[in-house]
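# Survey of secondary and tertiary structure
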Amino acid sequence: MIRLEVMPDHESASQRVADLIADQVQRNPVSVLGLATGGTPERTYAILSERVCSGALSLSQITTFNLDEYVGLSAEHPQSYHAYMRRHLFDVTDVRLEKTHLPDGAAVETGGHSGSRVCEAYERLIDEAGGIDWQLLGLGSNGHIGFNEPGSAGDSVTRIVELAEATIEANSRYFDSPDEVPRQAVTMGIGSIMNAKRIVLIATGAGKVNAVQQAVRGPMTPDLPASFLQRHPDVTFILDEAAASELESSR
Ligand SMILES: N[C@@H]1[C@@H](O)[C@H](O)[C@@H](COP(=O)(O)O)O[C@@H]1O
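Residues numbered from 1 in each chain as written. Predicted model: local features only at pLDDT ≥ 70, side-chain atom pairs only at ≥ 80, totals over all residues.

### Concerning the overall build of the chain
Counting its secondary structure elements, the chain contains eight helices and ten strands. What you see for the chain is a C-alpha radius of gyration of 17 Å, in line with the 18 Å of a compact globule of 251 residues. Dimensions along the principal axes, computed over C-alpha positions, put the chain at roughly 50 × 45 × 35 Å. Counting across all 251 residues of the chain, residues that qualify as buried make up 44%. Partitioning the intrachain contacts of the chain with sequence separation of at least 6 by distance along the chain shows that 78% fall at a separation of at least 24. (Helix = DSSP H or I, 4+ residues; strand = E, 2+ residues; numbered from the N terminus. Rg over C-alpha atoms; globule rule 2.2 N^0.38 Å. Buried ≥ 20, exposed ≤ 12 C-beta atoms within 10 Å, placed from the backbone. Contact = placed C-beta atoms within 7 Å.)

This is the structure we're talking about:
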């Protein structure tokens, strides 16, 4: 059962997610957090960094694992998720960089065996850290979580995936042209995500209406990867009214 919290707007949804992360870290300062990228959580990270700067919160003991990274982008590339995380959280808070982890997309050579080594190493690191205590997710408008595109199996693990055309198009807003968006990514699998003890997904804006509706009320199916979250014992969707609008009418 997915718990739902509908907030008036993106700002209040971001505040709510920041509160939940702060609660988790205050209860367990050495928490292992699973983190997401994308436009949606940017404000959540800004709120957390304001709290760290004001002394209200410390993230200095957390360990983090990000969901995904583009294949072929170096950590220094401004649109890599490594760079995103440094910009929005790691470099502007007291998070210790050596306790942060993202898949090494730059180490994956197209067509080689390096991909499986990168993926296995990432799964192993998560295991060695004792698993993820608290996982943040965004939601693709086609229902993807991490970069688990439609067609992903419910028990999938960290692997190299081809990005869907819709995702390339959506993410091209961050690049100079759609041609520059990498075609592949390394992503934690749905099975890896489902191992987290607690999952919180944030989705805001009218563009997420269909994905939210199908994830919450539709059948569990690889066609809509977020629908697999229905079988997790502790998952909450934090939505704004725009993203939740179809849910209200389908009740
Ligand atoms: N890999 C990321 C996802 O983790 C993210 O949840 C999604 C939604 O992004 P946005 O929040 O910008 O809509 O897109 C990206 O492709």
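Having put the structure on the table, let's press on.
### What about the nonpolar core?
The biggest cluster of nonpolar side chains holds 67 residues, and the ones touching the most others in it are L139, L201, A203, V212, I238 and L239. Contact partners of A203, with chain neighbours within four places excluded, come to T40, G138, L139, K208, V212, F237, L239 and A243. (Core = buried A, V, L, I, M, F, W, Y, C linked by C-beta atoms within 7 Å.)

### Quick look at the site of the ligand
Neighbouring the ligand are 14 residues, the closest being G38, G39, T40, G138 and G140. In terms of residue class, the shell around the ligand is built from four nonpolar, nine polar and one charged. (Near = placed C-beta within 6 Å. Nonpolar A, V, L, I, M, F, W, Y, C, P; charged D, E, K, R; others polar.)

### Describing helix α1 (residues 10-27)
The terminal C-alpha atoms of α1 lie 26 Å apart, and with 18 residues this matches the ideal 26 Å at 1.5 Å per residue to within 8%. A13, S14, R16, V17, A18, I21 and V25 are the residues of α1 that are buried. Against β1 (2-7), α2 (42-53), β9 (198-203) and β10 (235-240) lie the buried residues of α1. (Expected span 1.5 Å × (residues − 1).)

### Some points on the UniProt feature "active site" (unreviewed entry) in the chain
UniProt tags D68, N142, H144 and E149 as "active site" (unreviewed entry). Contact partners of D68, with chain neighbours within four places excluded, come to Y81, P103, G146, F147, A185, V186, T187 and M188. Tracing the chain through its elements places N142 in the loop between β6 (134-137) and β7 (159-162). Beyond its immediate stretch of four places on either side in the chain, N142 contacts P150, A164, A166, T167 and A211. (UniProt positions renumbered as here; feature names shortened; annotations may be inferred.)

### Concerning the environment of L73
Inspection of the secondary structure puts L73 in the loop between β4 (68-70) and α3 (81-88). When residues no more than four places from it in sequence are discounted, the contact partners of L73 are Q79, S80, G105, A106 and P182.

### Observations regarding the sheet that holds strand β3 (residues 63-66)
Ordered in space as β1-β10-β9-β6-β2-β3-β5, the seven strands form an open sheet in which the pairing is parallel. Among the strands making up the open sheet, the edge pair consists of β1 and β5 (100-101). As defined by bridge partners, strand β2 (residues 32-35) adjoins β3 across four bridges and the pair is classed as parallel. What sits directly across from L33, in β3, is T64. (Pairing = 2+ DSSP bridges.)

### So, the confidence of the model for the chain
For the chain, per-residue confidence averages 95 on the pLDDT scale, and 97% of positions sit at 70 or higher. Here the predicted complex carries an ipTM of 0.96, next to a pTM of 0.96. (pLDDT = per-residue confidence, 0-100.)

### Considering the packing of α1 against α2
Interhelical geometry of α1 versus α2 gives an angle of 55° and a closest axis separation of 8 Å. Between α1 and α2, the interaxial angle falls into the category oblique. Considering how the two elements wind past one another, α1 and α2 form a crossing that is right-handed. Contacts from H10, E11, S14, Q15, V17, A18, I21 and A22 in α1 reach R43, T44, I47, L48 and R51 in α2. (Axes fitted to C-alpha atoms, helices over the stretch in contact; angles between N-to-C directions. Parallel < 35°, antiparallel > 145°, perpendicular 65-115°, else oblique. Left-handed = near helix turned anticlockwise from the far one by under 90°.)

### Focus: the sheet that holds β4
The three strands are arranged β4-β8-β7 in an open sheet whose pairing can be described as antiparallel. Each of the sheet's edge strands pairs with one partner strand only, and the pair in question is β4 and β7. The sheet shows a mean angle of 30° between the axes of neighbouring strands, taken without regard to direction. With four bridges connecting them, β7 and strand β8 (residues 184-187) associate as antiparallel partners. Paired with I160 across the strands is V186, a residue of β8.

### Remarks on the environment of P233
For P233, the position within the fold is in the loop between α7 (209-217) and β10. For the pair P233 and R217, spaced 16 residues apart in the sequence, the C-alpha separation amounts to 16 Å.

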